[in-house]
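Notes for the structure review
Here is how the chains run, residue by residue.
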Amino acid sequence: MVEESSSERVNMNKKQQVATGKLTLSMLIDISTPGAIFLSAIAPAVFGFILALETGVQISIPLLIILLLIPALFNASINLINDYFDYVRGNDTNENIFGEIDSPLAFNQVKNPKPVFWIGLLCLLVGGLLGIYVIYKTGYIPLIIGIVGAIAVLTYSGGKFSVSHLPIGEPVAGFVMGGLIPLGVFTSLTGILDWTVLIKSIPMMMIVSQFMLVNNTCDIERDHIVGRRTLPIVLGRDKIHYVAALFTVLWVASMIFSSFFWYPIAAPIIIIMIILLRKRLKIIYTGPRLSSTKIPDVLNMVIVATAIGICYPISVLIHILIIKFLSL
């Protein structure tokens, strides 16, 4: 029944489609995926800043702004270049997408998508130059973190054996964007290398990994055709459900552990949020993740990820501010 209604919706979208063949500014914005940039780049960077506040060091506002821009530019670069290669290599076609939101390039049958690639490279270049400035100002420790992140960005898209095509894509992307971004921001602002930042950032890592897992599971059929070897393809639909369940449990458990162990004032907020999200978390835990359910599955993930991406850092901030106020 779900398959049938989804198919009818796709057909209706395509009947109403008017392929312009031209690349527009609004399409470029859609391809860069502002929502994903917020959840997988800005939110982790802000979380790193919040953890830096806990140390009591003086925060440089210009440096903070640059540190927010760098992951946003890198993330936009990944999204632009990834969508470009998905389109030109036939992974995204007018026949296998679920509307413009799935692939603006394929939906509009863009005749010259090359500017998407060049703008993606430009974002990568500007982000890299800003990164060099940060390293110049803060020292060698952020350099090591930056090198690991840069390698991940450069190998994530484009090539036949890019990270996004391999079974390690989900955990690597989660670790780099949800983990190294907070660690890099924290270290750059404080000059302190504190590995507990990575543990505290596990909920932010899971936002990225869960998003990729849902998306790649829904896309198993079309990714298999073009030779991708994502984790859902390697394990298959039956086994990948266990991974999704494990990720969901880890997501919830990491928030509870972090709040009770480090930020007890944040614990009630986290518990209330989890209770309010319980039905949507259950969908992630047990959802079918079929090609026909991709839009509702991704929408559900967006709601959960946005709630966690905002609520978790803010609850930690509330704890830090209250502790500082009580210590005056």
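Residues numbered from 1 in each chain as written. Predicted model: local features only at pLDDT ≥ 70, side-chain atom pairs only at ≥ 80, totals over all residues. Heavy atoms only, no water.

1. Quick notes on the overall build of the protein chain
A tally of regular secondary structure across the protein chain gives 15 helices and 0 strands. By the compact-globule yardstick of 20 Å for 328 residues, the protein chain fits well, its C-alpha radius of gyration being 20 Å. Its C-alpha atoms give the protein chain principal-axis dimensions of about 65 × 45 × 35 Å. Look at the contacts in the protein chain between residues 6 or more apart in sequence, and 77% of them connect residues 24 or more apart. Counting only carbon and sulfur atoms, one obtains 72% of the accessible surface of the protein chain, whose full area is about 15,700 Å². Positive and negative side-chain charges in the protein chain, numbering 22 and 18 respectively, have mean positions lying 4 Å apart. (Helix = DSSP H or I, 4+ residues; strand = E, 2+ residues; numbered from the N terminus. Rg over C-alpha atoms; globule rule 2.2 N^0.38 Å. Contact = heavy atoms within 4.5 Å. Areas by Shrake-Rupley, 256 points an atom, 1.4 Å probe, with all protein chains shown as cover. Lys, Arg positive; Asp, Glu negative; His and termini not counted. Charge placed at Lys NZ, Arg CZ, Asp CG, Glu CD.)

2. Here we look at the side chain of aspartate 223
Within the fold, aspartate 223 resides in helix α11 (residues 220-225). We classify aspartate 223 as buried; its relative accessible area is 1%. Residues within four places of aspartate 223 in sequence aside, it is in contact with Asn91, Asn216, Arg228, Thr230 and Ile233. (Buried < 20%, exposed > 50% of the residue type's maximum accessible area, 1.4 Å probe, protein only.)

3. Remarks on the nonpolar core
Membership of the largest hydrophobic core comes to 66 residues, with the highest contact counts inside it found for Leu189, Trp251, Met255, Met273, Ile308, Tyr312 and Val316. Once residues within four sequence positions are removed from consideration, tyrosine 312 is found in contact with Phe47, Lys200, Pro203, Met204, Met255, Ser258, Ile270 and Ala307. In this structure, Ala72, Leu80, Val116 and Phe117 belong to the second largest nonpolar core, which totals 21 residues. (Core = buried A, V, L, I, M, F, W, Y, C linked by side-chain atoms within 4.5 Å.)

4. Here's the deal with the environment of phenylalanine 117
Here phenylalanine 117 lies in helix α6 (residues 114-138). Taking relative accessible area as the criterion, phenylalanine 117 reaches 16% and is therefore assigned buried. Sequence-wise, phenylalanine 117 and leucine 67 are 50 residues apart; in three dimensions their C-alpha atoms are separated by 24 Å. Residues within four places of phenylalanine 117 in sequence aside, it is in contact with Ile81, Tyr84 and Phe85.

5. Digging into the side chain of lysine 294
Tracing the sequence through the fold places lysine 294 in helix α15 (residues 294-326). If we skip the residues at most four places from it in the chain, lysine 294 touches Asp102, Asn215, Cys218, Asp219 and Arg222.

6. Comments concerning a nonpolar patch on the surface
On the surface, a cluster of nonpolar side chains totalling about 880 Å² of accessible area is made up of Phe38, Ile310, Ile314, Ile318, Ile322, Ile323, Phe325, Leu326 and Leu328. For the nonpolar patch, the leading source of residues is α15, giving 7 residues. Along the chain, phenylalanine 38 turns up in helix α3 (residues 34-55). What makes phenylalanine 38 partly exposed here is its relative accessible area of 33%. (Patch = residues over 30% accessible without salt bridge, like charges linked within 9 Å, V, L, I, M, F, W, Y side chains within 5 Å. Salt bridge = Lys/Arg side-chain N within 4 Å of Asp/Glu carboxyl O.)

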